[in-house]
Amino acid sequence: GENVEQHPSTLSVQEGDSAVIKCTYSDSASNYFPWYKQELGKRPQLIIDIRSNVGEKKDQRIAVTLNKTAKHFSLHITETQPEDSAVYFCAAPNSGYSTLTFGKGTMLLVSP
Amino acid sequence: ETGVTQSPTHLIKTRGQQVTLRCSSQSGHNTVSWYQQALGQGPQFIFQYYREEENGRGNFPPRFSGLQFPNYSSELNVNALELDDSALYLCASSLQQGLETQYFGPGTRLLVL
C-alpha cells in the first residue's frame with residue numbers, strides 16, 4: 001500500500017513569514033494529492049489539492065508543488081497569519097482503492 | 001462547512017461493548033469512507049462504501065464492520081470494544097469512487113473505558 005511521510009512534525013513561524021511542509025509518497029502510480037487543515041476539535045478541511053498532470057497549483061496565499069520524479073509534494077503558505085495555526089495533513093491515494101493514506105500531520109504555530 | 005453529518009458527537013463505552021456510529025453523506029455523494037483518527041495522528045482508512053457495497057478495506061479487524069443504505073448514508077459498527085478503539089471516527093463522502101475530493105464530517109469521539 002501507499003506510504004506517506006510528512007515533515008516537519010511541528011513548525012513555528014512568525015506572522016508574515018512563509019511556511020513549507022513536505023511530504024513524500026511511495027507509489028509512483030499515485031496521481032492525486034490533497035492537503036487538509038484541521039483546527040483543534042474540528043473536522044479536516046480540504047484547503048488545496050493537485051493532480052499529477054500539473055506541477056504547481058496556487059490559491060491566494062497557499063500553493064502546492066509536485067515532483068513526480070522524486071515522489072514528493074509540498075505545501076507553501078505565504079504571509080502567514082495566526083489563524084493559519086492548525087494541524088496540516090497531506091494525503092495520497094491508497095493503492096488499488098479510491099481512498100487516502102494520510103501523513104502524520106504538521107502542527108503549524110504562527111506567532112503574532 | 002461540508003454537508004456531511006455524523007452522530008453521535010461523543011460516546012463513552014466500556015470494554016467489550018458494541019457501538020454504532022452514523023454518517024449522512026453530502027447531497028449527491030454516493031461514496032462514503034470511514035477513518036479512525038487517534039490522538040496526535042493522521043486519519044487511518046477503515047473502509048469505503050460505494051453504492052451499498054464495500055469498496056476497499058484498511059488494516060482493521062473484522063469486528064469493524066459497516067453498512068451503506070440506499071440513500072447513501074452509512075453506519076460503522078465496532079464489536080468487542082477495546083481500549084485502543086478510543087479515537088475520533090471520521091466519515092468522508094465523495095461524489096463517486098475514484099480520485100474525487102473527500103469531504104469530512106465533524107466526527108464522533110469515542111472513549112472506551
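In short, a report on the structure. (Residues numbered from 1 in each chain as written. Chains lettered and ligands numbered in written order. Predicted model: local features only at pLDDT ≥ 70, side-chain atom pairs only at ≥ 80, totals over all residues. Heavy atoms only, no water.)

**Focus: the overall build of chain A**
Here is step 1 of the chain: Within chain A, the secondary structure is distributed over zero helices and eleven strands.
Here is step 2 of the chain: Written out in order from the N terminus, the α and β elements of chain A read β-β-β-β-β-β-β-β-β-β-β.
Here is step 3 of the chain: Along the longest, intermediate and shortest principal axes, the C-alpha atoms of chain A span 45 × 30 × 20 Å.
Here is step 4 of the chain: Just so you have it, chain A exposes about 5,500 Å², and 49% of that area is on carbon and sulfur atoms.
Here is step 5 of the chain: For chain A, the distance from the average position of its 11 positive side-chain charges to the average position of its 12 negative side-chain charges is 5 Å. (Helix = DSSP H or I, 4+ residues; strand = E, 2+ residues; numbered from the N terminus. Areas by Shrake-Rupley, 256 points an atom, 1.4 Å probe, with all protein chains shown as cover. Lys, Arg positive; Asp, Glu negative; His and termini not counted. Charge placed at Lys NZ, Arg CZ, Asp CG, Glu CD.)

**Observations regarding the pairing of strand S8 (residues 72-77) of chain A**
All names here are of chain A.
Here is step 1 of the chain: By the bridge criterion, six bridges tie strand S3 (residues 19-25) to S8 in an arrangement that is antiparallel. Residue pairing for S8: cysteine 23 is matched across the bridge by phenylalanine 73.
Here is step 2 of the chain: Note that strand S7 (residues 62-67) and S8 share six bridges and pair antiparallel. By the bridge assignment for S8, asparagine 67 is matched with histidine 72.
Here is step 3 of the chain: Between S7 and S8, which pair antiparallel in sequence order, lie four residues; one of them, lysine 71, sits at a positive phi of approximately 55°. (Pairing = 2+ DSSP bridges.)

**Regarding the pairing of strand S9 (residues 87-94) of chain B**
All names here are of chain B.
Here is step 1 of the chain: Most of S9 sits inside the fold, with eight of its eight residues counted as buried.
Here is step 2 of the chain: Alternating residues of S9 divide into Ala87, Tyr89, Cys91 and Ser93 and Leu88, Leu90, Ala92 and Ser94, and every residue in both groups is buried.
Here is step 3 of the chain: Where strand S4 (residues 31-37) lies against S9, seven bridges are found, and the strand directions are antiparallel. From the neighbouring strand, glutamine 37 faces S9, where its bridge partner is leucine 88.
Here is step 4 of the chain: Where S9 and strand S11 (residues 108-112) come together, three bridges link them in antiparallel fashion. If you follow leucine 88 over to S11, its bridge partner there is arginine 109. (Buried < 20%, exposed > 50% of the residue type's maximum accessible area, 1.4 Å probe, protein only.)

**As for the packing of aromatic side chains**
Here is step 1 of the chain: Throughout the structure, instances matching the rule amount to 13 aromatic pairs over all chains.
Here is step 2 of the chain: Relative to A:Phe73, the ring of A:Tyr25 has its centre 6.0 Å away and its plane inclined at 55°; by these criteria the two rings are tilted. Here A:Tyr25, found in strand S3, pairs with A:Phe73, found in strand S8; they are 48 residues apart in sequence, far enough to count as distant.
Here is step 3 of the chain: Between the aromatic rings of B:Phe60 and B:Phe64, the centroid separation amounts to 5.1 Å while the plane-to-plane angle is 65°, which identifies the pairing as edge-to-face.
Here is step 4 of the chain: Judged by its relative accessible area of 13%, B:Phe60 falls in the buried class. (Phe/Tyr/Trp six-rings, centres within 6.5 Å; stacked < 30°, edge-to-face > 60°.)

**Some remarks on the environment of B:Gln48**
Residues and elements named next belong to chain B.
Here is step 1 of the chain: Summarising the element assignment, glutamine 48 is placed in strand S5 (residues 44-50).
Here is step 2 of the chain: Separated by ten residues in sequence, glutamine 48 and glycine 58 place their C-alpha atoms 8.9 Å apart.
Here is step 3 of the chain: Only 2.6 Å separates the side chain of glutamine 48 from the side chain of asparagine 55, close enough to count as a polar contact. (Polar contact = N/O pair within 3.5 Å; in protein donor to acceptor, adjacent residues only side chain to side chain.)

**A closer look at the sheet that holds S3(A)**
All names here are of chain A.
Here is step 1 of the chain: Here five strands make up an open sheet; going across it, the order is S1-S3-S8-S7-S6 and the pairing antiparallel. Either end of the sheet is taken by a strand with one partner, and the two such strands are strand S1 (4-7) and strand S6 (56-59). For this sheet the average axis-to-axis angle between neighbouring strands, irrespective of direction, equals 15°. (Axes fitted to C-alpha atoms, helices over the stretch in contact; angles between N-to-C directions.)

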